[in-house]
Amino acid sequence: MDQNRYYDIEDEGAATPQKTLKYFVDGEFKLSATDNYMDCYNPSTGEVIAKAPQCTQEEVNNAIESATKAYPEWSATPVSKRVQVLFKFKALVEEHLEELTYLLCQEEGKNWTESMGDVLKVNEVVEFACGAPHLMKGESLMNASKGYDTVLYHHPIGVFAGIAPWNFPAMIPHGWMAPICIATGNCMVLKAASFVPQTSLRLAELWREAGLPKGVLNIVTAGRNEAEIFLKHPDIKGVSFVGSTKVGRHIYATAAAHGKRVQALTEAKNHALVMKDAKLERTARGIINAYCGCAGARCMACPVIVVENAIADELVAYLKKFVAEMKLGPAYDPETGMGPIMNEGHLKFVTDWIEKGIQEGADLIVDGRNPTVPGYENGFYLAPSIFDNVTEDMTIGDEEIFGPVLCIKRVETFEEGLAIMNKNEFANGSVIYTQNGHYAREFAYRTDAGMVGVNVGIPVPLGIFGFTGHKNSFFGDLHCMGKDGFTFFTETKCVTQTWFSETEEICGKVDTWDGTISSMPTR
């Protein structure tokens, strides 16, 4: 393995060796000149396992400069050759799958299967991006006007910034952001989440091993002030962001005002409508997975159910039964059903929301606070919680909590339930549980959400489709992944041409439209 690793270890013999992390620029990992490092925890044990640099403004600018210098040669590289790097990268991810899974478990807290899925989702989009030779093909029309031919091309644009959140350290930066950007001939500077940067940096090692040229991908960890550089720097052509609505709105407004493309994927409060004809036991298990999976820290979680009163009590009984079976434990134990919360600060954020729900008058029928996990007493654990009888005047049911907390809203009819769901300011996903085709179709047609599940609790589409959030869950015009992803990372160029024969008179009159209006009547 290359000796230039993403970290240094000062005391290898320590009981819990701490890594000093680096940043990745111009194909090399470098120690930052900053004095400001952020602690990175193993949430299963509560121990500090690494320190991430808060890179300086000069280091962020150097990363942008590296990408800018790499762009001319990389964009001129034939697309068929560019995707060979992606093929090799995909093979390396598969080769190191278990190692990457453990690393992600250790730094973020997802259980083993969820962490492995986080890594596999990288390759899902890489596979799609490998189709760039086909997906970048343009359009053409011979004789668009008499003697005139037009060809439309898709071109790369330049350097993009990717600003990633902490909840999916592999999938979002190296799946949603980097592969399509790189395959289309652009370069990228990623800002990895400072709480959980190790998986992203390890994947940078694999990009380098796959043959990605220096400067095409650069990775920094930085604070908000340094990240602001991406929004205004003249060499950054676009910004891809995943995070809070407040920050996403700021990024969209600021970067767009500086002439940049923006896709900002933000918060959610996804609801599921449970009809009285639903298969209740299977529905309950789907709901448990949808709100407890990844400890609730995913923007496609389903933390609210809107249930018809006729079957609400029966459904609640199933939910209480199944949630009691959830096994808490360290993320890297294959038997763990739900791992810890990412860090102590976020654990407090979620528990504060539980306290607020109690104060607002919701019925806390399952209290997951202060669980005991033998042998891991210092970890950041929270068991699943459930609130019943949540009403529309309670913020607990309308704002994002990002933790394993379920809110139950009771309604009498389909129409009442759908109205409550569409009233919410967010519109990432929505779900209906029913056996009735009419209601399923009506729901799919009328829901405001951009990703809809019919008896599917987490309706995240495959990477060949876009991640299509709406309302305050998305700011921009082109979503990530799918065809939108290719459009976001390319610009179109139309070339219209005509040619003259050797014998043709070419010094005659040229009309205002230079022959490009085919319907002009002759006099």
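Heads up: the structure comes first, above all this text.
Residues numbered from 1 in each chain as written. Predicted model: local features only at pLDDT ≥ 70, side-chain atom pairs only at ≥ 80, totals over all residues. Heavy atoms only, no water.

Caption draft 1: Spotlight on the layout of surface pockets. Counted as a void, the largest pocket has a volume near 1,200 Å³. For the largest pocket, the lining is made up of 43 residues, of which Trp166, Arg224, Gly243, Ser244 and Val247 are closest to its centre. Elements supplying a minimum of two residues to the lining of the largest pocket: helix 8 (224–232), strand 12 (236–242), helix 9 (245–257) and helix 12 (344–360). No other element matches the six residues that helix 9 contributes to the lining of the largest pocket. Across the lining of the largest pocket, the residue classes tally to 23 nonpolar, 11 polar and nine charged. (1 Å grid on protein atoms, 1.4 Å probe; cavity = no way out; pocket = protein on both sides within 12 Å on 5 of 7 lines; lining within 4 Å. Points joined across faces, edges and corners; volume = space filled by probe spheres on them. Helix = DSSP H or I, 4+ residues; strand = E, 2+ residues; numbered from the N terminus. Nonpolar A, V, L, I, M, F, W, Y, C, P; charged D, E, K, R; others polar.)

Caption draft 2: A look at the environment of Thr101. As for its position among the elements, Thr101 is in helix 3 (residues 97–108). Spatially, the C-alpha atoms of Thr101 and Gly329 are 16 Å apart, while their sequence positions differ by 228 residues. Excluding residues that lie within four positions of it along the chain, Thr101 makes contacts with Trp112, Ser115, Met116 and Val119. At a separation of 2.8 Å, a polar atom in the side chain of Thr101 contacts the main-chain carbonyl oxygen of Leu97. (Contact = heavy atoms within 4.5 Å. Polar contact = N/O pair within 3.5 Å; in protein donor to acceptor, adjacent residues only side chain to side chain.)

Caption draft 3: A nonpolar patch on the surface, seen in detail. The grouping of Leu462, Ile464 and Phe465 at the surface amounts to a nonpolar patch, some 310 Å² of accessible area in total. Tracing the backbone through its elements, the reader meets Phe465 in the loop between strand 21 (451–454) and strand 22 (470–471). (Patch = residues over 30% accessible without salt bridge, like charges linked within 9 Å, V, L, I, M, F, W, Y side chains within 5 Å. Areas by Shrake-Rupley, 256 points an atom, 1.4 Å probe, with all protein chains shown as cover. Salt bridge = Lys/Arg side-chain N within 4 Å of Asp/Glu carboxyl O.)

Caption draft 4: The pattern of salt bridges, seen in detail. Going through the model one piece at a time under the given rule, you end up with 21 salt bridges. As a salt-bridge pair, Arg202 and Glu205 come within 2.7 Å of each other at their nearest N and O atoms. Placement of both Arg202 and Glu205 in helix 7 (residues 198–209) is noted, with a separation of three residues, approximately one turn of the helix. Pair check on accessibility: Arg202 and Glu205 agree, each one buried. Asp398 is the partner of Lys409 in a salt bridge, and the nearest nitrogen-oxygen pair spans 3.3 Å. You can see Lys409 sitting in strand 18 (residues 405–411) and its partner Asp398 sitting in the loop between strand 17 (385–388) and strand 18, a full 11 residues away along the chain. Salt bridges here are not isolated pairs; linked through shared partners, they connect Arg5, Glu99, Arg202 and Glu205. (Buried < 20%, exposed > 50% of the residue type's maximum accessible area, 1.4 Å probe, protein only.)

Caption draft 5: Examining the packing of helix 6 (residues 171–183) against helix 7 more closely. At their nearest, the axes of helix 6 and helix 7 sit 12 Å apart, and the two run at 30° to each other. Overall, the two elements helix 6 and helix 7 adopt an arrangement that is roughly parallel. The element helix 6 and its partner helix 7 pack so that their crossing is right-handed. Where helix 6 approaches helix 7, its residues Pro173, His174 and Ile182 are matched on the opposing element by Ser200, Leu203, Ala204 and Trp207. Class assignment for the residues of the contact of helix 6 with helix 7 results in five nonpolar, two polar and no charged. (Axes fitted to C-alpha atoms, helices over the stretch in contact; angles between N-to-C directions. Parallel < 35°, antiparallel > 145°, perpendicular 65-115°, else oblique. Left-handed = near helix turned anticlockwise from the far one by under 90°.)

Caption draft 6: Main features of the side chain of Lys19. Along the polypeptide, Lys19 turns up in strand 2 (residues 19–21). Buried and unpaired, Lys19 has Glu99 as its nearest opposite-charge partner, separated by 7.8 Å. For Lys19, the side chain forms a polar contact with the side chain of Gln198, separated by 2.9 Å. If sequence neighbours within four positions are ignored, Lys19 has contacts with Tyr6, Tyr7, Asp8, Ile9, Ile49, Ala50, Lys51, Leu103 and Gln198. (Lys, Arg positive; Asp, Glu negative; His and termini not counted.)

Caption draft 7: Up close: the sheet that holds strand 5 (residues 37–42). Pairing is mixed across the open sheet formed by four strands, whose spatial order is 1-2-6-5. The open sheet has two free edges, formed respectively by strand 1 (7–9) and strand 5, since each of these has just one partner strand. This sheet shows a mean twist of 30° between the axes of neighbouring strands, independent of strand direction. As defined by bridge partners, strand 5 adjoins strand 6 (residues 47–53) across six bridges and the pair is classed as antiparallel. Its bridge partner lying in strand 6, Tyr37 is registered against Pro53. (Pairing = 2+ DSSP bridges.)

Caption draft 8: Seen up close, helix 4 (residues 112–129). In a regular helix each residue adds 1.5 Å, so 18 residues correspond to 26 Å; helix 4 covers 26 Å between its end C-alpha atoms and thus fits that length. The element helix 4 is largely enclosed, with a buried count of 13 among its 18 residues. For helix 4, the side-chain oxygen to backbone nitrogen distance between the N-cap and Thr113 is 3.1 Å, and the N-cap itself is Asn111. (Expected span 1.5 Å × (residues − 1).)

Caption draft 9: Inspection of the nonpolar core at higher detail. Ranked by internal contacts, the top residues of the largest apolar core, which has 150 residues, are Phe230, Val274 and Leu319. With residues near it in sequence (within four places) discarded, Phe230 still touches Val60, Ile64, Ala161, Ile163, Val189, Lys191, Val220, Ile236, Val239 and Lys260. Judged by nonpolar contacts, the second largest core, of 10 residues, contains Met275, Val411, Met421 and Ile432. (Core = buried A, V, L, I, M, F, W, Y, C linked by side-chain atoms within 4.5 Å.)

Caption draft 10: The arrangement of the packing of aromatic side chains in detail. Applying the stated criterion across every chain, the model contains 14 aromatic pairs. Each ring, one from Phe160 and one from Phe488, has its centre 5.6 Å from the other, and the planes form 55°; the classification is tilted. With Phe160 in strand 9 (residues 159–163) and Phe488 in helix 15 (residues 482–488), the pair connects residues that are 328 residues apart, well separated along the chain. Of the residues examined, Phe160 reaches a relative accessible area of 1% and is grouped as buried. For Phe488, a relative accessible area of 1% translates into the label buried. Centroid distance Phe488 to Phe489: 5.0 Å. Interplanar angle 80°. Geometry classified as edge-to-face. By the burial criterion, Phe488 is buried, and Phe489 matches it. Ring pairing ties together the aromatic residues Phe160, Phe488 and Phe489, which thus form one cluster. Over the aromatic face of Tyr7 sits the side chain of Lys19, whose NZ or CZ is 4.7 Å from the ring centroid. Note that Lys110 overlies the ring of Phe168, its terminal NZ or CZ placed 4.0 Å from the centroid. (Phe/Tyr/Trp six-rings, centres within 6.5 Å; stacked < 30°, edge-to-face > 60°. Lys NZ or Arg CZ within 6 Å of the ring centre and 35° of its normal.)

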